[in-house]
Amino acid sequence: MKDAEGVWKASGGGKPVVLVVGAQQAALTTADGHLCTGTLTGAGKPTLSLRCADGNTDRTKGAVESNDGSTMRIAWDAGRQDTFKKAKDGELPTGLPSGLPTN
């Protein structure tokens, strides 16, 4: 499996989802305002273990089903599947929240 490090973008239900992976650390954000952080660990079939600041569990536990270095497919325990494309030069999609929510 090719290196998973980098910026990955997908469209979940027509809305952007971004996954950033580096040094076994991972962060995911969605257009719905979910911000999740955690780790990507394991050889063979790596797994994501994330915790979302707002308690959302849609994308907290996931297995990398495939990764060819430009496309990575993740199956989440909550039943979702996302197909991420590696972003070129760290380019992020539009439509993401511009800041963290305030209480």
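Conventions we followed
- Residues numbered from 1 in each chain as written.
- Predicted model: local features only at pLDDT ≥ 70, side-chain atom pairs only at ≥ 80, totals over all residues.
- Heavy atoms only, no water.
- Salt bridge = Lys/Arg side-chain N within 4 Å of Asp/Glu carboxyl O.
- Helix = DSSP H or I, 4+ residues; strand = E, 2+ residues; numbered from the N terminus.
- Buried < 20%, exposed > 50% of the residue type's maximum accessible area, 1.4 Å probe, protein only.
- Pairing = 2+ DSSP bridges.
- Core = buried A, V, L, I, M, F, W, Y, C linked by side-chain atoms within 4.5 Å.
- Contact = heavy atoms within 4.5 Å.

Enquirer: Just checking my understanding: could you explain the pattern of salt bridges for this structure?
Expert: Between side chains of opposite charge, pairing is possible as soon as their charged atoms come close. Applying the stated criterion across every chain, the model contains four salt bridges. When the shortest N-O distance is used, the salt bridge between Asp-32 and Lys-15 registers 3.1 Å. Here Asp-32, found in the loop between strand E3 (25–30) and strand E4 (35–41), pairs with Lys-15, found in strand E2 (residues 15–22); they are 17 residues apart in sequence, far enough to count as distant. On the basis of relative accessible area, Lys-15 is assigned to the partly exposed category, the value being 41%.

Enquirer: What exactly am I supposed to notice about the pairing of E4 here?
Expert: For a regular strand, the rule is simple: side chains alternate between the two faces of the sheet. Relative to E4, E3 runs antiparallel, the two being bridged by five bridges. Bridge pairing links Ala-26 to Gly-38 in E4. What sits between E3 and E4 in their antiparallel hairpin is a turn of four residues, with Gly-33 showing a positive phi close to 95 degrees. Looking at chain direction, E4 and strand E5 (residues 47–52) are connected through six bridges and run antiparallel. Among the inter-strand pairings, Leu-40 is bridged to a residue of E5, identified as Leu-48. Between E4 and E5, which pair antiparallel in sequence order, lie five residues; one of them, Gly-42, sits at a positive phi of approximately 105 degrees.

Enquirer: For this particular structure, what's the right way to read the nonpolar core?
Expert: The tendency in soluble globular proteins is for nonpolar side chains to be buried as a group. The biggest cluster of nonpolar side chains holds 18 residues, and the ones touching the most others in it are Leu-19, Leu-28, Leu-48, Leu-50, Met-72, Ile-74 and Phe-84. Those elements that place two or more of their residues in this core are strand E1 (6–12), E2, E3, E4, E5 and strand E7 (71–76). Every residue in contact with Leu-28, bar those within four places of it in the chain, is listed here: Val-17, Val-18, Leu-19, His-34, Leu-35, Cys-36, Leu-50, Arg-59, Trp-76 and Phe-84.

The analysis is restricted to geometry; functional conclusions fall outside its scope.
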